[in-house]
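The residues making up each chain are set out below.
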Amino acid sequence: MKKQVFIALILSPLFTIAQKYSSAEIKRFEHEAPRVTIIRDNWGVPHIYGKTDADVVFGLMYTQCEDNFKGIERNYLYQLGRQSEVEGEKELYTDVQLQLIADTADAIKDYKAAAPWFRKLMDAFADGVNYYLYKHPDVKPAVFQHFEPWYALMFTDGSVSATVTGGINLNETKAFYGDAPEKLGVVYNPKVDDRETGSNGFAIAPSRSALGHAMLYINPHVPFYFRSEVQLASEEGLNVYGAVTWGQFFVYQGFNQHCGWMHTSSNADVADLYAEKVTKKDGQWYYEYDGRLKPVISRKLIMNIKNGTGAEHKTITGYYTQHGPVLGSRDGKWLALKANNRSYNALLESWLITKANTFTEYKKAMGLLSNATNNTVYADDQGNIAFWYGNFMPKRNAAFDWRLPVDGSTPATEWQGLHMVDEIVHVYNPANGWIQNCNSTPFASSGNYSPDKNKYPAYMAPNGQNFRAINAIKLLSEARSITLDELIAKGYNHYLAAFDVLLPPLFKAYAAAPDSVKQMLAGPLQIMNQWDRYSAANSVATTLAVEWGTLIMRALPRAKTDEEGTYQTERINTLMQTLTAKQQLEIFTEAVNNLNTRYGSWEIKWGDINRYQRPADGITFNDDAPSVPVGGVSSAFGQLPSFQSRTMDTKKRYGYSGNSFIAAVEFGSRIKAKSVITGGQSFNPASKHYTDQAGMYIEGKFKDVLFYKADVLKHAEKTYHPGE
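Keep in mind the model is a prediction, meaning the values are calculated, not measured.

### Quick notes on the overall build of the protein
And then number 1: Helix and strand counts for the protein come out as 20 helices and 32 strands.
And then number 2: The C-alpha atoms of the protein give 26 Å as radius of gyration, which agrees with the globular expectation for 724 residues (27 Å, within 12%).
And then number 3: Its C-alpha atoms put the protein at 80 × 75 × 55 Å along the principal axes.
And then number 4: Out of the 724 residues in the protein, the part that is buried amounts to 61%.
And then number 5: Counting only contacts in the protein whose residues sit at least 6 apart along the sequence, the fraction spanning at least 24 positions is 72%.
And then number 6: Accessible surface, the protein: about 27700 Å² in total, of which carbon and sulfur atoms supply 50%.
And then number 7: The distance from the centre of the 74 positive side-chain charges to the centre of the 75 negative ones in the protein is 1 Å.

### Side note on the sheet that holds strand β20 (residues 374–380)
And then number 1: One open sheet accounts for 10 strands, arranged β23-β21-β20-β11-β10-β9-β8-β3-β2-β32; its pairing is mixed. Edge positions in the sheet fall to β23 (426–428) and β32 (716–720), since each of these pairs with one other strand and no more. Within this sheet the neighbouring strands show an average axis-to-axis angle of 15°, counted without direction.
And then number 2: When strand β11 (residues 259–265) meets β20, the two strands line up antiparallel, connected through 7 bridges. Its bridge partner lying in β20, Ser265 is registered against Asn374.
And then number 3: In the packing of helix α2 (residues 53–79) onto the sheet, the strands contacted are β2 (36–41), β3 (46–50), β8 (227–234), β9 (239–245) and β32, and the crossing angle to β2 comes to about 55°.

### Thoughts on the nonpolar core
Nonpolar side chains tend to gather and get buried jointly when the protein is soluble and globular.
And then number 1: Met122 and Phe249 are the most contacted members of the largest nonpolar core, which totals 178 residues.
And then number 2: The dominant element in this core, judged by the number of residues it contributes, is α2, at 12 residues.
And then number 3: Not counting chain neighbours up to four residues away, the residues in contact with Phe249 comprise Val57, Leu60, Met61, Phe118, Leu121, Met122, Phe125, Ala152, Leu232, Leu347 and Trp351.
And then number 4: The next biggest cluster of nonpolar side chains, apart from the first, holds 44 residues, and it includes Leu503, Ala513, Leu544 and Leu556.

### Observations concerning the packing of helix α12 (residues 499–511) against helix α16 (residues 568–578)
And then number 1: Closest axis-to-axis distance for the α12/α16 pair is 10 Å, and the angle between their directions is 5°. Taken together, the axes of α12 and α16 lie roughly parallel to each other. Residues Val501, Leu502 and Pro505 of α12 form the contact with α16, whose participating residues are Ile572, Asn573 and Met576.
And then number 2: For the contact of α12 with α16, the residue count by class is 5 nonpolar, 1 polar and no charged.

### Here's the deal with the sheet that holds strand β22 (residues 406–407)
And then number 1: Pairing within the open sheet is mixed, and its 6 strands lie in the order β16-β17-β18-β19-β12-β22. Each of the sheet's edge strands pairs with one partner strand only, and the pair in question is β16 (297–307) and β22.
And then number 2: Bridge count between strand β12 (residues 272–276) and β22: 2 bridges; the pairing is parallel. Bridging from a neighbouring strand, Ala275 pairs with Asp407 of β22.
And then number 3: With respect to the sheet, helix α4 (residues 92–101) is in contact with β16, β17 (310–321), β18 (324–330) and β19 (333–338), its orientation differing from that of β16 by roughly 145°.
And then number 4: On top of the sheet, helix α7 (residues 170–177) reaches β17, β18 and β19; it is set at about 90° to β18, its chief contact.

Cut-offs and rules
Residues numbered from 1 in each chain as written. Predicted model: local features only at pLDDT ≥ 70, side-chain atom pairs only at ≥ 80, totals over all residues. Heavy atoms only, no water. Helix = DSSP H or I, 4+ residues; strand = E, 2+ residues; numbered from the N terminus. Rg over C-alpha atoms; globule rule 2.2 N^0.38 Å. Buried < 20%, exposed > 50% of the residue type's maximum accessible area, 1.4 Å probe, protein only. Contact = heavy atoms within 4.5 Å. Areas by Shrake-Rupley, 256 points an atom, 1.4 Å probe, with all protein chains shown as cover. Lys, Arg positive; Asp, Glu negative; His and termini not counted. Charge placed at Lys NZ, Arg CZ, Asp CG, Glu CD. Pairing = 2+ DSSP bridges. Axes fitted to C-alpha atoms, helices over the stretch in contact; angles between N-to-C directions. Core = buried A, V, L, I, M, F, W, Y, C linked by side-chain atoms within 4.5 Å. Parallel < 35°, antiparallel > 145°, perpendicular 65-115°, else oblique. Nonpolar A, V, L, I, M, F, W, Y, C, P; charged D, E, K, R; others polar.

Below you can see the structure in the form of structure tokens.
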């Protein structure tokens, strides 16, 4: 069972201490910088060239700092469990969870024991950041005055949901480790989970493409501006293009000259909670295992918490059993987490896949079995397409229900090693010629050629179907002789498949309604009857649909487990069969009334209230400031692209999450690729690259990727070495 912790989005400064570097470091920086050439193209995208891979990593981190140092520091404050040093008490127990889950001492050990060639990459990672801070003393880090190479080993997964907690929630950790009187357990009351649930990956075989080449569509849904677009090229064989999560030195989703990969967030069960029977004797905690009592291990967590006068220092005693850190308690038992959130091999795997040139090499890199939160959709220049549901996958006794905490006192619940790459749920070169994954069940990933559910244990793929996948399956099943531009158009399809289920019961309820109700709802229902179920900026029906559909989604009974919550189509179907005709009309009436109250009329076009705006500070949206109408909606309704929006102390709604870096790639004798990124590459409001891609992003008009250096030089806007 898994639960995902999210990276905080807001960062404010706490400390401003001048960065100091030794003469040896400065000499090393000044030796490394001239070895790197950075070419910013006409979209501001950095193409980074160096003799060695380490040179390129140095340059990558320098350019990341140029674009968004705050984003880098924000991510490491999260990964190292130090957000409360900036955000104060509100982030304390997120920090406690993170410090319990990942110990910096383990990362330091891994760094010291690393292969020399890989340690060079981590050294270059730290040097690139530190050189930027050395050259820019006006940049004041909130906490980290000096980046250490082992930091990279604390952030080994580029996912937006990079930490799994097995299903425990933050309130449970707070209740266990907070200042309340010591207790053995509490009644479990799961909270509503409001996380981003998107990402689409499509692979097209040569048999389905117009030119006989495999193609890949990369469409992550994450908080806006979560990653940067880059190219990395060295004389040691590295030549990779794609999206890099701020603060990491590997391309997370992208392609090289031979193959490409798209990661979608996985619901594979990769983390388990163990219910430990504990007792206290002579001031020492013990837990029961295999008929014996074993001492609970403790570790001191030193927390520095920002407050009004400076910082408060707090020591919290963390507890561990053989299964892992204790994150909370339920029903008189402590809950220990067993997971693989941080490891040397996870970072190594993330790097090695970027240098894989064949299907065999890619599978070999995946054979490290250390990616804990991602599915992978793959395509290459030999015509292969493939899909893996997860990667790190423990073997377990199938007699237990792994969606819930298992008995920690018996050896029967111990993991029994890991499943190999070919044992996890996968698809290799299906005869139908396409693969899709939209965070949905893998057992519908390739139509009739999807994996057989009966051949895999339930814990491998416990999730259900969603409306995005329903839409993708229909579109890809119809695809014949598809071009790259047609693939992009399918990826930007605005059909809202959820309303195929939601509308018919509403129409039926309206047909049987009293005349008074019919008269009151005649106008809105006529609009809905005429609607083609595509979202659009000039559509009143879209406005009604989103308002009403959101209320329907809120009426869903709370899912008992994370896994149950993924059965979107099944849960919506059940709800619509459960709601009476009267309830259907009441919910629709509430939606109409909400619009009347908020905007003075229900008859308002979606683009008039659904907007794209990029504030200078990233958070202060303003109805009076320039903004752009957007026809897209949340992917929860089955639309393939995602544009999640809400009011931001404003009357209008503004986008904050959804499509980010998107790319379509064709693997012929030469790479042909197109991409677009949210708004623009720059984080500087004064830059022309701050919003130069906004219109393209909204409409699904992609720019040509400049993969080959000759093309990069033709479109070069700035060429320099780090520090210049």
